[in-house]
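# Observations on the three-dimensional arrangement
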Amino acid sequence: MTDKLNRFWPLIASVAFALLLAANAAQSAAATQKGARAVAQSDTQTAEQAFADAPDGVDPMVTGPVSTAFKQRQASANCDTAVWPNIPMVCYPD
(Lines give C-alpha, C1' and ligand atoms only; values in the text may rest on other atoms or scores of the structure.)
Protein backbone atom coordinates (compact mmCIF):
# COMPACT_ATOMS: atom_id res chain seq x y z
CA MET A 1 0.00 0.00 0.00
CA THR A 2 2.80 2.40 0.86
CA ASP A 3 4.49 1.75 -2.49
CA LYS A 4 1.33 2.72 -4.39
CA LEU A 5 0.99 5.95 -2.38
CA ASN A 6 4.63 6.83 -2.97
CA ARG A 7 4.03 6.70 -6.72
CA PHE A 8 1.25 9.30 -6.54
CA TRP A 9 2.97 11.66 -4.08
CA PRO A 10 4.56 13.89 -6.79
CA LEU A 11 1.18 14.17 -8.54
CA ILE A 12 -0.61 15.08 -5.31
CA ALA A 13 2.04 17.64 -4.43
CA SER A 14 1.88 19.17 -7.93
CA VAL A 15 -1.91 19.50 -7.81
CA ALA A 16 -1.76 21.09 -4.35
CA PHE A 17 0.89 23.56 -5.51
CA ALA A 18 -1.15 24.42 -8.64
CA LEU A 19 -4.23 25.07 -6.49
CA LEU A 20 -2.21 27.30 -4.19
CA LEU A 21 -0.88 29.32 -7.14
CA ALA A 22 -4.37 29.65 -8.64
CA ALA A 23 -5.82 30.89 -5.34
CA ASN A 24 -2.99 33.42 -4.97
CA ALA A 25 -3.48 34.68 -8.53
CA ALA A 26 -7.23 35.07 -8.00
CA GLN A 27 -6.69 36.99 -4.77
CA SER A 28 -4.13 39.25 -6.42
CA ALA A 29 -6.41 39.95 -9.39
CA ALA A 30 -9.30 40.82 -7.10
CA ALA A 31 -7.15 43.21 -5.06
CA THR A 32 -5.85 44.87 -8.23
CA GLN A 33 -9.37 45.40 -9.59
CA LYS A 34 -10.57 46.80 -6.27
CA GLY A 35 -7.60 49.19 -6.12
CA ALA A 36 -8.10 50.33 -9.71
CA ARG A 37 -11.79 50.92 -9.06
CA ALA A 38 -11.00 53.04 -5.99
CA VAL A 39 -8.49 55.14 -7.90
CA ALA A 40 -10.89 55.64 -10.80
CA GLN A 41 -13.65 56.76 -8.45
CA SER A 42 -11.46 59.25 -6.60
CA ASP A 43 -10.16 60.73 -9.87
CA THR A 44 -13.64 61.36 -11.22
CA GLN A 45 -15.04 63.05 -8.12
CA THR A 46 -16.65 66.35 -9.01
CA ALA A 47 -16.84 69.49 -6.94
CA GLU A 48 -20.56 68.92 -6.54
CA GLN A 49 -19.87 65.49 -4.97
CA ALA A 50 -17.04 66.76 -2.78
CA PHE A 51 -19.13 69.64 -1.43
CA ALA A 52 -22.56 68.00 -1.37
CA ASP A 53 -23.56 69.97 1.72
CA ALA A 54 -23.28 73.27 -0.23
CA PRO A 55 -26.27 73.32 -2.61
CA ASP A 56 -25.40 76.76 -3.96
CA GLY A 57 -21.82 75.80 -4.71
CA VAL A 58 -18.38 76.54 -3.35
CA ASP A 59 -16.22 79.26 -4.79
CA PRO A 60 -12.72 77.97 -5.58
CA MET A 61 -11.24 81.36 -4.67
CA VAL A 62 -8.34 80.80 -2.27
CA THR A 63 -7.80 83.64 0.21
CA GLY A 64 -4.66 82.32 1.87
CA PRO A 65 -1.12 81.80 0.64
CA VAL A 66 -0.69 79.13 -2.04
CA SER A 67 2.25 77.86 -4.02
CA THR A 68 3.15 79.01 -7.50
CA ALA A 69 2.54 75.48 -8.77
CA PHE A 70 -1.03 75.60 -7.46
CA LYS A 71 -1.63 78.95 -9.16
CA GLN A 72 -0.31 77.48 -12.42
CA ARG A 73 -2.62 74.45 -12.08
CA GLN A 74 -5.57 76.79 -11.57
CA ALA A 75 -4.61 78.88 -14.61
CA SER A 76 -4.19 75.82 -16.85
CA ALA A 77 -7.60 74.45 -15.75
CA ASN A 78 -9.32 77.82 -16.42
CA CYS A 79 -10.64 77.94 -12.87
CA ASP A 80 -11.46 81.65 -13.10
CA THR A 81 -14.13 80.97 -15.74
CA ALA A 82 -15.52 77.74 -14.24
CA VAL A 83 -19.20 77.76 -13.24
CA TRP A 84 -20.79 75.59 -10.55
CA PRO A 85 -21.20 72.56 -10.68
CA ASN A 86 -18.65 72.16 -13.49
CA ILE A 87 -15.62 73.21 -11.45
CA PRO A 88 -12.65 70.83 -11.70
CA MET A 89 -11.28 69.56 -8.38
CA VAL A 90 -7.88 70.90 -9.47
CA CYS A 91 -9.23 74.36 -8.70
CA TYR A 92 -9.46 73.60 -4.99
CA PRO A 93 -6.40 73.39 -2.74
CA ASP A 94 -5.45 69.99 -1.33
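Preceding block: the structure.
Below or above, wherever it landed, is the structure these notes cover. (Residues numbered from 1 in each chain as written. Predicted model: local features only at pLDDT ≥ 70, side-chain atom pairs only at ≥ 80, totals over all residues. Heavy atoms only, no water.)

## Notes on the overall build of the protein chain
Within the protein chain, the secondary structure is distributed over 3 helices and 0 strands. Each helix and strand of the protein chain, placed in order from N terminus to C terminus, yields the pattern α-α-α. Within the protein chain, residue pairs in contact and separated by at least 24 positions form 57% of the contacts whose partners lie at least 6 positions apart. Looking at the protein chain as shown, the accessible area adds up to about 7700 Å², and 61% of this sits on carbon and sulfur atoms. (Helix = DSSP H or I, 4+ residues; strand = E, 2+ residues; numbered from the N terminus. Contact = heavy atoms within 4.5 Å. Areas by Shrake-Rupley, 256 points an atom, 1.4 Å probe, with all protein chains shown as cover.)

## Concerning the environment of Glu48
Here Glu48 is to be found in helix α2 (residues 47–50). Taking C-alpha positions, Glu48 is 9.6 Å from Pro88, a pair spaced 40 residues apart along the chain. The contacts of Glu48, once residues within four sequence positions are left out, are Trp84 and Pro85.

## A few points about unusual backbone geometry
The phi torsion at Asn78 lies on the positive side, around 55 degrees, for a residue other than glycine. Assignment of secondary structure puts Asn78 in the segment after α3 (68–76). The exposure class assigned to Asn78 is partly exposed, which follows from its relative accessible area of 45%. (Buried < 20%, exposed > 50% of the residue type's maximum accessible area, 1.4 Å probe, protein only.)

## Here's the deal with a nonpolar patch on the surface
A cluster of nonpolar side chains, contributed by Phe8, Trp9, Leu11, Ile12, Val15 and Leu19, occupies part of the molecular surface with about 650 Å² of accessible area. Within the secondary structure, Val15 is located in helix α1 (residues 2–43). Judged by its relative accessible area of 44%, Val15 falls in the partly exposed class. (Patch = residues over 30% accessible without salt bridge, like charges linked within 9 Å, V, L, I, M, F, W, Y side chains within 5 Å. Salt bridge = Lys/Arg side-chain N within 4 Å of Asp/Glu carboxyl O.)

## Focus: the environment of Ala47
Following the sequence through the fold, Ala47 ends up in helix α2. With relative accessibility at 0%, the residue Ala47 sits in the buried group. Among residues more than four places away in sequence, those in contact with Ala47 are Trp84, Ile87, Met89 and Tyr92.

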